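# What the coordinates show
These are the residues of each chain, in order.
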Amino acid sequence: MRHALLFAAVAALVSSPAMSQSPGRPPVLSNIAPWDQPFLPPAPAWDGASKALLRDASDPWVTPFEADRGHDFSPNYVDTRAWFDRLDAASDLIRIEQFGVSPEGRPIYAVIASKDGANFDPAKPVLMIQAGIHPGEIDGKDAGMMVLRDIAFYGKDALLDRVNLILIPILSVDGHERAGAYSRPNQRGPRIQGWRNTATNQNLNRDYLKLDQAEMRAVRGLILKYRPDLYVDVHVTDGLDYQYDVTYGFNGEDGSFSRSPNSSAWLDTVFKPAMNAALERQGHIPGELVFGIDDDEPKKGLSDGGLGERYSNGWGAAAHVPTILIENHSLKPHEQRVLGTYVFIEEAMRLLADQGAAL
Ligand SMILES: [Zn+2]
């Protein structure tokens, strides 16, 4: 029985990393190799105002994502770290802090933007942005590089006057390096994507409560050290189609159950209206975080995105750490998703600065 279950699990993993495919479904046979034809539905035309945030390839601080002509690229672990090391060396506002080591021995680090130096002013709210717990869903890394660059050099340092920012650019560093062009075939870029699971084949966004994995114990240590006022876990959807580009949510949204009802109410009544307005001003299409109740049977409807304690947002509600799960829409282009994430991070900093005391 154990072997049968294991075989089924492996078969499901091989056929679909997104876990949205029924293991019993026969493969589709065709004379045309799947890589010979586009199989995603066409992307709706988009020309959001946030495109003005992109810097030209001639800019000395262009990010690898921006430097790519198609804006369809995301740098690997070594190149990401090298870029951040250069930023750290050039700006007093930026520092890098290692907070763990992966099973394959890679340092796990955060990039911290602050005007306070080594010790945060306890009166300032702390925003923690986490990218790459699922490494193929890496929008938060590319957006975070742009935000930190603009804070350091392009006139946005005032964002740090009343808030501190901690970016985890890649949490699942080993999965990030187990990369390929077909890790997430139902996602429109970047061209090379990390793998969902870690070097020990674990899904880290199921380990918040048990803390079996080194990466999650490391994150817990970082959270306990800095006590973020708002924790944002950035993902990309597994393929459910809808019009929105940036969806996000939290346990307790719109009056549903939460173990932290007061912070959920603040996120509902203060954060969400302002964030949605900011995204819309920049041409984005914010929407509610939803999941299909049964991916094989759409008529069963949608759940509201509230999740149990092994997931980031469920854990956050239980631990009284206000936590938002972002799910950018996988069928929107990488560029559109990254820019939406940039707008989200910048607006979250403003909202925490202005209203974080109430939170
Ligand atoms: Zn994910």
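Residues numbered from 1 in each chain as written. Predicted model: local features only at pLDDT ≥ 70, side-chain atom pairs only at ≥ 80, totals over all residues. Heavy atoms only, no water.

## Comments concerning the overall build of the chain
- Scanning the chain from N- to C-terminus turns up nine helices and ten strands.
- Across the 359 residues of the chain, 53% fall into the buried class.
- When contacts within the chain are restricted to residue pairs at least 6 apart in sequence, those whose partners lie at least 24 apart make up 75%.
- Total accessible area on the chain stands at roughly 16100 Å², and carbon and sulfur atoms take up 54% of it. (Helix = DSSP H or I, 4+ residues; strand = E, 2+ residues; numbered from the N terminus. Buried < 20%, exposed > 50% of the residue type's maximum accessible area, 1.4 Å probe, protein only. Contact = heavy atoms within 4.5 Å. Areas by Shrake-Rupley, 256 points an atom, 1.4 Å probe, with all protein chains shown as cover.)

## Examining helix 8 (residues 312-319)
- The buried fraction of helix 8 is high, at six of eight residues.
- Check the buried side of helix 8 and you find it contacts helix 6 (214-226), strand 5 (230-236) and strand 10 (323-328).
- Just downstream of helix 8, His320 is the residue with a positive phi angle, here 60 degrees.

## A look at the packing of helix 3 (residues 77-90) against helix 4 (residues 139-153)
- The contact between helix 3 and helix 4 brings their axes to 11 Å, and the two run at 15 degrees. Here helix 3 lies roughly parallel to helix 4, going by the angle between them. Considering only the axes of helix 3 and helix 4, their crossing is left-handed. Residues Thr80, Trp83, Phe84, Leu87 and Ala90 of helix 3 form the contact with helix 4, whose participating residues are Lys141, Met145, Leu148, Arg149, Ala152 and Phe153.
- Taken together, the residues of the contact of helix 3 with helix 4 break down into eight nonpolar, one polar and two charged. (Axes fitted to C-alpha atoms, helices over the stretch in contact; angles between N-to-C directions. Parallel < 35°, antiparallel > 145°, perpendicular 65-115°, else oblique. Left-handed = near helix turned anticlockwise from the far one by under 90°. Nonpolar A, V, L, I, M, F, W, Y, C, P; charged D, E, K, R; others polar.)

## Description of empty space enclosed by the protein
- By the definition in use, this model includes one cavity of 30 Å³ or more.
- By volume, the largest cavity amounts to about 60 Å³.
- Together, 13 residues line the largest cavity, and Phe250, Asn251, Ser264, Ala317 and Thr323 are the ones closest to its centre.
- For the lining of the largest cavity, the secondary-structure elements that each account for two or more residues are helix 7 (261-281) and helix 8.
- Considered class by class, the residues forming the lining of the largest cavity number five nonpolar, eight polar and no charged. (1 Å grid on protein atoms, 1.4 Å probe; cavity = no way out; pocket = protein on both sides within 12 Å on 5 of 7 lines; lining within 4 Å. Points joined across faces, edges and corners; volume = space filled by probe spheres on them.)

## Comments concerning the coordination of the zinc ion
- Binding of the zinc ion to the protein goes through His134 (ND1), Glu137 (OE) and His235 (ND1), at separations of 2.1 Å.
- Within one chain, the residues donating to the zinc ion are spaced in sequence as H-x2-E-x97-H. Remark: His235 occurs in strand 5 and His134 occurs in the loop between strand 3 (126-131) and helix 4; sequence separation between them is 101 residues.
- Owing to a relative accessible area of 3%, His134 belongs among the buried residues under this scheme.
- Given the relative accessible area of 1%, His235 is considered buried. (Donors = N, O, S within 2.8 Å, 3.2 Å for Na, K, Ca; no water.)

## A short note on the pattern of salt bridges
- By the definition in use, this model includes 30 salt bridges.
- The salt bridge involving Glu335 is made with Lys51; its shortest N-O contact spans 3.9 Å. Here the residue Glu335 occupies a position in helix 9 (residues 334-355), and Lys51 occupies one in the loop between helix 1 (2-15) and helix 2 (64-67), the gap between them amounting to 284 residues.
- Given a relative accessible area of 17%, Glu335 falls into the buried group.
- Residues Lys210 and Asp212 are paired through a salt bridge, measuring 3.2 Å at the closest nitrogen-oxygen approach.
- Overall, Lys210 belongs to the exposed group, its relative accessible area being 62%. (Salt bridge = Lys/Arg side-chain N within 4 Å of Asp/Glu carboxyl O.)

## Focus on the environment of Leu159
- Mapped onto the elements, Leu159 comes out in the loop between helix 4 and strand 4 (164-168).
- Taking the C-alpha atoms as reference, Leu159 lies 6.8 Å from Arg350; in sequence the two are 191 residues apart.
- With residues up to four places along the chain from it excluded, the contact list for Leu159 reads Ile151, Glu346, Met349 and Arg350.

## As for the packing of aromatic side chains
- Applying the stated criterion across every chain, the model contains 14 aromatic pairs.
- Residues Tyr231 and Trp315 carry aromatic rings whose centres are separated by 6.3 Å and whose planes lie at 85 degrees to one another, so their mutual orientation is edge-to-face. Pair noted here: Tyr231 is in strand 5 and Trp315 is in helix 8, with a separation of 84 residues, a long-range link.
- The buried category is assigned to Trp315, whose relative accessible area is 16%.
- Site record: aromatic cluster; members linked through ring pairs are Trp61, Tyr77, Trp83, Phe84, Tyr109 and Phe153.
- Over the ring of Tyr154 we find Arg55; its NZ or CZ atom is 3.5 Å from the centre of that ring. (Phe/Tyr/Trp six-rings, centres within 6.5 Å; stacked < 30°, edge-to-face > 60°. Lys NZ or Arg CZ within 6 Å of the ring centre and 35° of its normal.)

## Some words on the sheet that holds strand 3
- Taken in spatial order, the eight strands of this open sheet run 1-2-4-3-5-10-6-7, and their pairing is mixed. With one partner strand each, in any of the chains shown, strand 1 (94-101) and strand 7 (286-288) form the two edges of the open sheet. The sheet shows a mean angle of 25 degrees between the axes of neighbouring strands, direction not considered.
- As paired strands, strand 3 and strand 4 are joined by five bridges and run parallel to one another. (Pairing = 2+ DSSP bridges.)

## Description of the nonpolar core
- Counting residues in hydrophobic clusters, the biggest one holds 76 residues, and the most contacted among them are Phe84, Leu127, Leu165, Phe271, Ile324 and Phe344.
- The dominant element in this core, judged by the number of residues it contributes, is helix 9, at ten residues.
- With sequence-adjacent residues up to four places away left out, Ile324 is seen in contact with Leu230, Tyr231, Val232, Asp233, Tyr248, Gly249, Phe250, Leu267, Phe271 and Phe344. (Core = buried A, V, L, I, M, F, W, Y, C linked by side-chain atoms within 4.5 Å.)

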